[in-house]
Amino acid sequence: MLDEHYRYLEAIQNRRDYIEDQIQAGSPVVGLVYNDGILILTVTSGQKIYEVYNDLALSAIGHTADVERLRLLVTDAASVQGFQSSVDDVTLHRLTHFVLCPPIKQSFESIFNSPTIAKILMAELGHPHQLVAVNYDGTTRTSQKAEVIGGTDTVERTMRNYMGQTDIRLGDELTLKQAFELALLTWAVGRTASSATEYGFTLDPDRGESDQTSEAEDFSTDELIGFVRAELEERLVEASILQISKRSKSKFRRLTADEVEDMMPLDSDKAQNNK
Amino acid sequence: MHTNRQSPNPEDLKPAQHVLDQVVDYQGNFLDLLQAHSIQLQFGRNNFDGANTVSLTRLSGLGSAATMVNPSEQPLTEGTTVVAVRYQDGIMVAGDRRATAGNVVMHDRADKVLEIDEYSVMAIAGAPAVAYEMARTLEHSFQYFRRSQLQELSIEGKIRMVSRLIRDNMSLALQGIGGVIPIFALFDRSYLADSSASTSAGRIFFYDVLGAQFETVDFATSGSGSVWIRGVLHYLDRWSDTPLAQMDLSQATNTILRLLDTAAEFDAATSGANVKSEIYPIIKTITQEGVQGLPVEQIRQTYQNAVLSRTMA
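Predicted, not measured: the structure shown is a model, and the values here were computed from it. Throughout, a residue's number is its position along its own chain's written sequence, starting from 1. Numbering of ligands from 1 and lettering of chains from A proceed in the order in which they are written. Residue-level local features of this predicted model are given only where pLDDT is at least 70; pairs of side-chain atoms are given and counted only at 80 or more, and the full residue set underlies all totals for whole chains, interfaces and linings.

## Quick notes on the environment of Leu41(B)
Residue and element names in this part refer to chain B.
Point 1. For Leu41, the location among the structural elements is in the loop between α2 (30-36) and β1 (59-60).
Point 2. Between the alpha carbons of Leu41 and Thr137 there is a distance of 8.5 Å; along the sequence they are 96 residues apart.
Point 3. Beyond its immediate chain neighbours, meaning those up to four positions away, Leu41 contacts Glu133 and Thr137. Each helix is a run of H or I in the DSSP string that is no shorter than four residues. Each strand is a run of E no shorter than two, and both are numbered from the N terminus. Throughout, a residue-residue contact means that the two C-beta atoms, derived from backbone geometry, are no farther apart than 7 Å.

## Focus: the sheet that holds strand β11 (residues 219-222) of chain B
All names here are of chain B.
Point 1. Strand pairing is defined by DSSP finding a minimum of two bridges between the two strands. Strand order in this open sheet of five strands is β11-β2-β3-β12-β13, and the pairing throughout is antiparallel. Strands with a single pairing partner mark the edges of an open sheet, and in this sheet they are β11 and β13 (290-293). Strand-to-strand twist in this sheet, taken as the mean axis angle between neighbours without regard to direction, amounts to 15 degrees.
Point 2. As paired elements, strand β2 (residues 82-87) and strand β3 (residues 90-95) share six bridges and run antiparallel to each other. Bridge assignment links Val82 to a residue of β3, and that residue is Gly95. Think of each axis as a best-fit line through the C-alpha atoms, taken over the contacting stretch in the case of a helix, with angles from 0 to 180 degrees between the N-to-C directions.

## As for the packing of helix α3 (residues 128-149) of chain B against helix α4 (residues 155-168) of chain B
Residues and elements named next belong to chain B.
Point 1. Their axes nearest at 11 Å, the elements α3 and α4 cross at an angle of 145 degrees. At the point where α3 passes α4, the crossing takes the right-handed sense. In this structure, α3 uses Met134, Thr137, Leu138, Ser141 and Phe142 to contact α4, whose residues at the interface are Lys158, Met161, Val162 and Leu165. The crossing is said to be left-handed when, going from far helix to near helix, the turn is anticlockwise and less than a right angle, and right-handed when the turn is clockwise.

## Things to note about the packing of helix α7 (residues 249-266) of chain B against helix α8 (residues 296-308) of chain B
All names here are of chain B.
Point 1. It is at 9 Å that the axes of α7 and α8 come closest, and there the two elements cross at 65 degrees. Taken together, the axes of α7 and α8 are roughly perpendicular relative to one another. As α7 runs across α8, the sense of the crossing is right-handed. Contacts between α7 and α8 pair Thr253, Asn254, Leu257, Arg258 and Asp261 from the former with Thr302, Tyr303, Ala306 and Val307 from the latter.
Point 2. Residue polarity is assigned by list, with Asp, Glu, Lys and Arg as charged and Ala, Val, Leu, Ile, Met, Phe, Trp, Tyr, Cys and Pro as nonpolar; anything else, Gly included, falls into the polar class. When its residues are assigned to classes, the contact of α7 with α8 shows four nonpolar, three polar and two charged. Any angle that falls under 35 degrees is termed roughly parallel, while one over 145 is termed roughly antiparallel, one within 65 to 115 roughly perpendicular, and all others oblique.

## Points about the sheet that holds strand β9 (residues 202-207) of chain B
Residue and element names in this part refer to chain B.
Point 1. Spatially, β6-β7-β8-β9-β10 is the arrangement adopted by the five strands of the open sheet, whose pairing is antiparallel. Only two strands of the sheet have a single partner each, and these edge strands are β6 (113-117) and β10 (213-216). Neighbour-to-neighbour, the strand axes of the sheet open up by a mean angle of 25 degrees, direction not taken into account.
Point 2. Judged from the five bridges that link them, strand β8 (residues 183-187) and β9 form a sheet pairing that is antiparallel. Directly across from Phe187, in β9, lies its bridge partner Gly202.

## A short note on helix α6 (residues 221-231) of chain A
Residue and element names in this part refer to chain A.
Point 1. Here α6 has its buried residues at Leu224, Ile225 and Val228. Each buried residue of α6 lies within a common arc of 100 degrees when the element is viewed along its axis, so the set occupies one face. Turned more than 90 degrees from where α6 packs its buried face, Arg229 and Ala230 sit exposed. Three exposure classes are used, all based on how many other C-beta atoms lie within 10 Å of a residue's own C-beta (placed from the backbone): buried at 20 or more, exposed at 12 or fewer, and partly exposed between those limits. The directions considered for the arc run from the helix axis to the C-beta atoms.

## What to know about unusual backbone geometry
Glycine aside, a negative phi is what most residues show, and trans is what most peptide bonds show.
Point 1. Geometrically, the link from His127(A) to Pro128(A) is a cis peptide bond, its omega value of 0 degrees lying close to zero.
Point 2. Checked against the element boundaries, Pro128(A) lands in the loop between β5 (118-124) and β6 (130-134).
Point 3. In the Ramachandran plot, Gln27(B) falls in the positive-phi region, its phi being about 50 degrees despite a non-glycine side chain.
Point 4. Mapped onto the fold, Gln27(B) is located in the loop between α1 (10-13) and α2.
Point 5. The backbone of Glu278(B) sits at a positive phi, close to 60 degrees, despite the residue not being glycine.
Point 6. Take Glu278(B): it is sitting in the loop between α7 and β12 (282-287).
Point 7. Assessed through the 11 C-beta atoms surrounding it within 10 Å, Glu278(B) is described here as exposed.

## Concerning the nonpolar core
Point 1. Judged by nonpolar contacts, the single largest core of 73 residues is most densely connected at Ala84(B), Val85(B), Val121(B), Ala185(B) and Ile256(B).
Point 2. Of all the elements, α3(B) adds the most residues to this core, at eight residues.
Point 3. Discounting residues that sit within four places of it in the chain, Ala185(B) has contacts with Ala84(B), Ile91(B), Val93(B), Ser120(B), Val121(B), Ile204(B) and Ile286(B).
Point 4. In plain words, the nonpolar core is the set of buried Ala, Val, Leu, Ile, Met, Phe, Trp, Tyr and Cys residues that C-beta atoms within 7 Å link up. Formed by 70 residues, the second largest nonpolar core is a distinct cluster that contains Tyr53(A), Val67(A), Leu92(A) and Val148(A).

It is worth stressing that arrangement in space is one thing and function is another; only the former is reported here.
And the structure:
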């Protein structure tokens, strides 16, 4: 099969298509820097946001078994490194570049082996904070303010556009409540966009394939809140923070159900009534 | 020109097993993980070749570091005094500050009450290098279990891990140069109060030098100075106006400072408070709020009132 060069490229493209197909319906994850650290939020029925080390958290989208293997790999590496040298030597840069990316890329390019169907989002408290998204092919995107992972490129682009067009300034001036609200609405935008993909919304013929976004980014806040409420009948908001002001060495904490309830955004009717 | 080659057999082209296939689940056991990475812990285990650089500074007042110890002799309890007491809000743990090698004071600000995680503390008597390494390993082990298994290690599990580390240290302990006799105190947050008075959320575990574990109810003390205050603790607990478990924070602090002062009176290897240099015993409490260290100013104040004078009951 490989005696013709272009067959390899075809195989790789098939692999991409297969992984994209498997991953597209996954619940997106949003990571946002705020004034006391970093918030990571998604909606799920289980657990998707994990503590890796004192200042490090990991979340993912994809097949559970593959995510689990990657999570164990990163957690083990961090724990051994922290013990052998010191806690301060465990950094996001080392974990993504030397521990996570090489095996993921290797797994992607080994066309005769089963693929690893996962996208990873990692966050680190530091000076400055860092969020890194690792794609299933081993490529990375880094941000010091906000990062997202979603089922498809379209979903991710739509979420990023939505975050970019709000009045809120991204970064460490956000309060936790502001960050929570923005993250939840961004998640809703991403989720709606992926549902639209599932149902096969029409692509805009005037835009190139890499510019496709969903009209979800134009949904109003009330529409998005309504969508979230519908989703929350079956699943729960999972929001975890890396909190600078936390007293213990490990800064990771999952927000309680009460805290989540307090921060849920109200639609404009409810907001009016409360005034 | 087209060369007629046979297509390579896909089986031959399979790359070697990649890293992700080799990920193993250690069920949260940090020591197994280290072993898989060929990391030897710095104490105990098969290190008879002398490459083990256990420091010969020890918290002991007995014999000099250079003395050859008869391996068949039971190592005597090491110089120092550490004490753990159950009181109203939880557990109070304290230790003196001196580290000696023979009759030489190596360090006068040693911290012998080590925080392992948010709700547990280890007080150490014995070789400091080994003890610190043990505490560090424990800390990492508890964290690793929680991170990989997504739930906190149970009380039983934590106790057993301490036991295992001490047992692994057996070879050094029997040579008389690396023994560690800790007190392990923790606060069981999942504890539900029942009518039995002998149980509580605060629990104290005492170990011997070979790793056997004993749970004590009200107090534990370890080190060469402990013999002088064990009787006192028993007396206070049974016949004083306030049993230890009912003491509040200030009563407990008074009592513990007086006990350490008593130990320092009779044990050369236990230091009392050094008022001139402002070096006081380290005191930590474990309560519902977790492990907290008493501020030096508070200790100094209490020392003035409860030890240097008799203003406090």
